[in-house]
Amino acid sequence: MDQFALIKQVETFIIDLPTIRPHHLSMAVMHKQTMVIVRIICSDGIEGIGESTTIGGLSYGDESPEGMKLTIDQYIAPLIVGQQANNTNAVMQLMGKYIQGNHFVKSAIETALLDAKGIRYGLAVSSLLGGAVTPTLPVLWTLASGDTEKDIEEAQQLIDSKRHHTFKLKIGRNVPKKDIAHVAAIKKALGEDIKITVDINQAWSESTAKQGIKKLQDAGIDLIEQPLVKTNVQGLARLTRYFEVPIMADEAAGTVVDAFKLASNYAGSVFALKIAKSGGLTNIQRQAAIAQGAGISLYGGTMLEGTIGTLASAHVFATLPNLDWGTELFGPLLLTDDIVNTPITYGNGVLELPQGPGLGISINWNKVETYKRK
Ligand code: MUC
Ligand code: MG
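This paragraph deals with the sheet that holds strand β6 (residues 166–170). Strands pair in a sheet through their backbones, by hydrogen bonds, and they do so in one of two ways: parallel or antiparallel. If you trace the seven strands from one edge of the open sheet to the other, you get β5-β6-β7-β8-β9-β10-β11, paired in parallel fashion. Looking along the sheet, the strands with just one partner apiece sit at the ends: β5 (141–143) and β11 (297–300). Between one strand and the next, the sheet's axes are offset by a mean angle of 30 degrees, whatever the strand orientation. Relative to strand β8 (residues 223–225), strand β7 (residues 195–199) is paired through three bridges, and the arrangement is parallel. Counted as the bridge partner of Val198 is Ile224 from β8. Helix α5 (residues 148–160) rests against β5 and β6 of the sheet, and its axis sits at about 160 degrees to β5.

Next comes the structure, spelled out in structure tokens:
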């Protein structure tokens, strides 16, 4: 064990994995997921893995998979090689000074360093972050096949198999009337006991939202996610005050600074946190502290990452005391295959946090070869 191990090498590759069915969001229809995987090799031979993943190319965030790979290869690797591998704070500070923005890639670098450090000391990433307060995390499933009947059938199967009992619906692609009818039909078919949340992904104007959310609230929907464009903080604050149904900020709650801005305006009574948006795992804990101080609830969000990014998220989410709305860490279940040897255990509406050191996974390099973009 070398306390003073240095970062020796940073490798990146792009993985394309097909989805089990098309996934319809307001800004994109996904048929595959593209992940940028970062492998950091340290001078003591220990390696760590991280993931930078977005949704729908450049339609969700402002970093594309191809751009993320280039940013790491061209700018981040030369900057961090030779730095102390255990000192994630110093590496994050160095990147903060010389690399503006680029939160998705910074998150992957911090993940890989924490994975390596955990392996070095025989500790789970959650332990490095202060310790998990729960061994499992609630996980909902997103119904987004693009067809109401298919969504109902999918939900029934998942309820019957006891994998999930809470669902999120993605709307905003169609006119509000059609979208609201779709939500109401699913809620009616699944019944009172099944919790349903609705993500509009910024697709509505404030006036449309005021009418639309009223109908969703009347239909019995439990939570409304990001109805307005992310820059409309005051609009989000007005909706939060106006409605009984909780309003959650997702795209608007990107960084630590965003969390402070939203909290000080009481824009959103729930924050969806994502390691990619916030630029890493420690930033999630900083956002969570702001939310805790402001009495805002938390939800563990996903950028639909594969197993690596999903577990990085799970390790930090498991350390949070105010994760009142559970998580949506189902990303690997949307994919037809995986590049890790042991998949995450899902069942009874939860995922199990692996107990092993680091992220608690090992990579299947044959699978990497199969799915790696050539
Ligand atoms: C989002 O905006 O929340 C999370 C789940 C899902 O289906 O899409 C993502 C993105
Ligand atoms: Mg969302």
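From this point, the narrative continues.
It is worth spelling out the pairing of strand β1 (residues 7–24) at this point. As paired elements, β1 and strand β2 (residues 29–42) share 13 bridges and run antiparallel to each other. Looking at β2, one finds that Ile15 is bridged to Met35. The antiparallel hairpin formed by β1 and β2 contains four residues in its connecting segment.

Glancing now at the coordination of the magnesium ion (ligand 2). Each protein donor to the magnesium ion (ligand 2) is listed here as Asp199 (OD), Glu225 (OE) and Asp250 (OD); together their distances run 2.0 to 2.2 Å. Donor residues binding the magnesium ion (ligand 2) come from one chain and are separated in sequence as D-x25-E-x24-D. Here Asp250 lies in the loop between β9 (247–249) and α9 (256–265) and Glu225 lies in strand β8, a separation of 25 residues in the sequence. Glu225 gets classed as buried once you look at its relative accessible area, which sits at 1%.

A few words now on the pattern of salt bridges. By the definition in use, this model includes 18 salt bridges. Residue Asp44 pairs with Arg120 through a salt bridge whose shortest N-O separation is 2.6 Å. Taken together, the positions of Asp44 in the loop between β2 and β3 (47–53) and Arg120 in helix α3 (residues 103–121) put the pair 76 residues apart, joining distant regions of the chain. For Arg120, a relative accessible area of 5% puts it in the buried group. The closest approach of N and O atoms between Lys168 and Glu328, which form a salt bridge, is 2.5 Å. You can see Lys168 sitting in strand β6 and its partner Glu328 sitting in the loop between α12 (307–317) and β12 (346–347), a full 160 residues away along the chain. In terms of burial, Lys168 and Glu328 fall into one category: buried. When salt bridges that share partners are traced, they join Lys168, Lys170, Asp199, Glu225 and Glu328 into one network.

A word on the pairing of β6. Counting buried residues in β6 gives five out of five residues, a clear majority hidden from the surface. At this point the chain moves from β5, through α5, to the parallel β6, and the crossover so formed is right-handed. For the crossover from β6 across helix α6 (residues 176–190) to β7, the handedness is right-handed.

Inspection of the region around ligand 1 gives 16 residues, with His23, Tyr60, Lys168, Asp199 and Asn201 positioned closest. Measuring from an oxygen atom of ligand 1, one finds a side-chain N or O atom of Lys170 at 3.3 Å. Contact with the protein chains removes 100% of the 280 Å² of surface that ligand 1 exposes when unbound. Of the residues contributing to the shell around ligand 1, the split by class is five nonpolar, four polar and seven charged. In this structure, the shell around ligand 1 is formed jointly by two domains, domain 1 (7–122 + 364–371) and domain 2 (128–352), each of which donates at least three residues.

This paragraph deals with the nonpolar core. Counting 121 residues, the largest nonpolar core has Ile40, Ile109 and Phe271 as its most contacted members. The leading source of residues in this core is α3, at eight residues. Two domains each provide a minimum of three residues to this core, namely domain 1 (7–122 + 364–371) and domain 2 (128–352). Residues within four places of Ile40 in sequence aside, it is in contact with Ile7, Gln9, Val10, Ile46, Glu47, Gly48, Ile80, Ile109, Ala112 and Leu113.

This brings us to the sheet that holds β1. Judged by pairing direction, the sheet is antiparallel, and its three strands sit side by side in the order β1-β2-β3 without closing on themselves. Strands at the two margins of the open sheet, each flanked by one partner only, are β1 and β3. Strand after strand, the sheet turns through a mean of 25 degrees between neighbouring axes, direction not considered. One ladder, built from seven bridges, connects β2 with β3; its direction is antiparallel. Paired with Ile41 across the bridge in β3 is Glu47.

Within the structure shown, the criterion is met by three aromatic pairs. Ring plane angle 80 degrees and centroid distance 4.9 Å describe the contact between Tyr242 and Phe243, whose orientation is recorded as edge-to-face. Note on Tyr242: relative accessible area 53%, which makes it exposed. The ring of Trp365 is capped by Arg39, whose NZ or CZ atom sits 4.3 Å from the centre of that ring. A cation over an aromatic ring shows up here: Arg163 above the ring of Trp141, its NZ or CZ 5.0 Å from the ring centre.

What follows is about the domain arrangement of the protein chain. Domain boundaries in the protein chain define domain 1 (7–122 + 364–371) and domain 2 (128–352). Computed over C-alpha atoms only, the centres of domain 1 and domain 2 are separated by 23 Å. Taken together, the 39 residues of domain 1 in the interface contact 45 residues of domain 2. Counting each side, the surface lost to burial between domain 1 and domain 2 is near 3,500 Å², with a carbon and sulfur contribution of 62%. By the criterion of area lost to domain 2, the three top residues of domain 1 are Arg21, Ser26 and Tyr60, representing 18% of everything that side buries. Put simply, domain 1 and domain 2 have two salt bridges between them.

Cut-off values and rules
Once a new chain begins, its residue numbering starts again from 1 and follows that chain's sequence as written. Both sets of labels track the order of writing: A upward for chains, 1 upward for ligands. Where totals are concerned, whole chains, interfaces and linings use all residues; where local detail is concerned, this predicted model gives features only for residues with pLDDT of at least 70, and gives and counts side-chain atom pairs only at 80 or more. Here the side-chain values reflect all heavy atoms present in the structure, with hydrogen atoms and water set aside. Any two strands are treated as partners once DSSP identifies two or more bridges connecting them. Counting from the N terminus, the helices are DSSP H or I runs at least four residues long and the strands are E runs at least two residues long. Axis definition: a line fitted to C-alpha atoms, limited for helices to the stretch in contact. Angles are taken between N-to-C directions and run from 0 to 180 degrees. Between two residues, a contact is recorded if the distance between any of their heavy atoms is within 4.5 Å. Listed donors are limited to N, O and S atoms within 2.8 Å of the metal, widened to 3.2 Å for Na, K and Ca; water is not among them, so incomplete-looking sites are possible. Only protein chains enter the accessibility calculation, which uses a 1.4 Å probe; a residue whose area is less than 20% of its type maximum is buried, one above 50% is exposed, and one in between is partly exposed. Any carboxyl oxygen of Asp or Glu that lies within 4 Å of a side-chain nitrogen of Lys or Arg is treated as forming a salt bridge with it. Looking down the strands as they point away from you, a crossover is right-handed if its path from the first strand over the helix to the second goes clockwise. Proximity is defined per residue: any heavy atom of the residue falling within 4 Å of a molecule or strand makes that residue near it. Polar contacts, as used here, are pairs of N or O atoms within 3.5 Å; protein pairs need one atom able to donate a hydrogen and one able to accept it. Residues neighboring in sequence count only if both atoms are side-chain atoms. Methods summary: accessible areas were calculated by the Shrake-Rupley approach with a probe of 1.4 Å, and residue burial reflects only the protein chains presented. Each residue is assigned to one class: nonpolar for Ala, Val, Leu, Ile, Met, Phe, Trp, Tyr, Cys and Pro, charged for Asp, Glu, Lys and Arg, and polar for all the others, Gly among them. Domain segmentation is taken from an automatic or database assignment of domains. Only buried residues count toward a nonpolar core. Its members are Ala, Val, Leu, Ile, Met, Phe, Trp, Tyr and Cys residues joined through side-chain atoms within 4.5 Å. Side-chain rings of Phe, Tyr and Trp, where Trp is taken by its six-membered ring, are said to pair if the distance between their centres is within 6.5 Å; with planes under 30 degrees apart they count as stacked, over 60 as edge-to-face, and otherwise as tilted. The criterion is that NZ of a Lys, or CZ of an Arg, lies within 6 Å of the ring centre and within 35 degrees of the ring normal, and then a charge sits over that ring. Take the accessible area each of two parts loses on contact, using a 1.4 Å probe, and add the two losses: that sum is the buried area.

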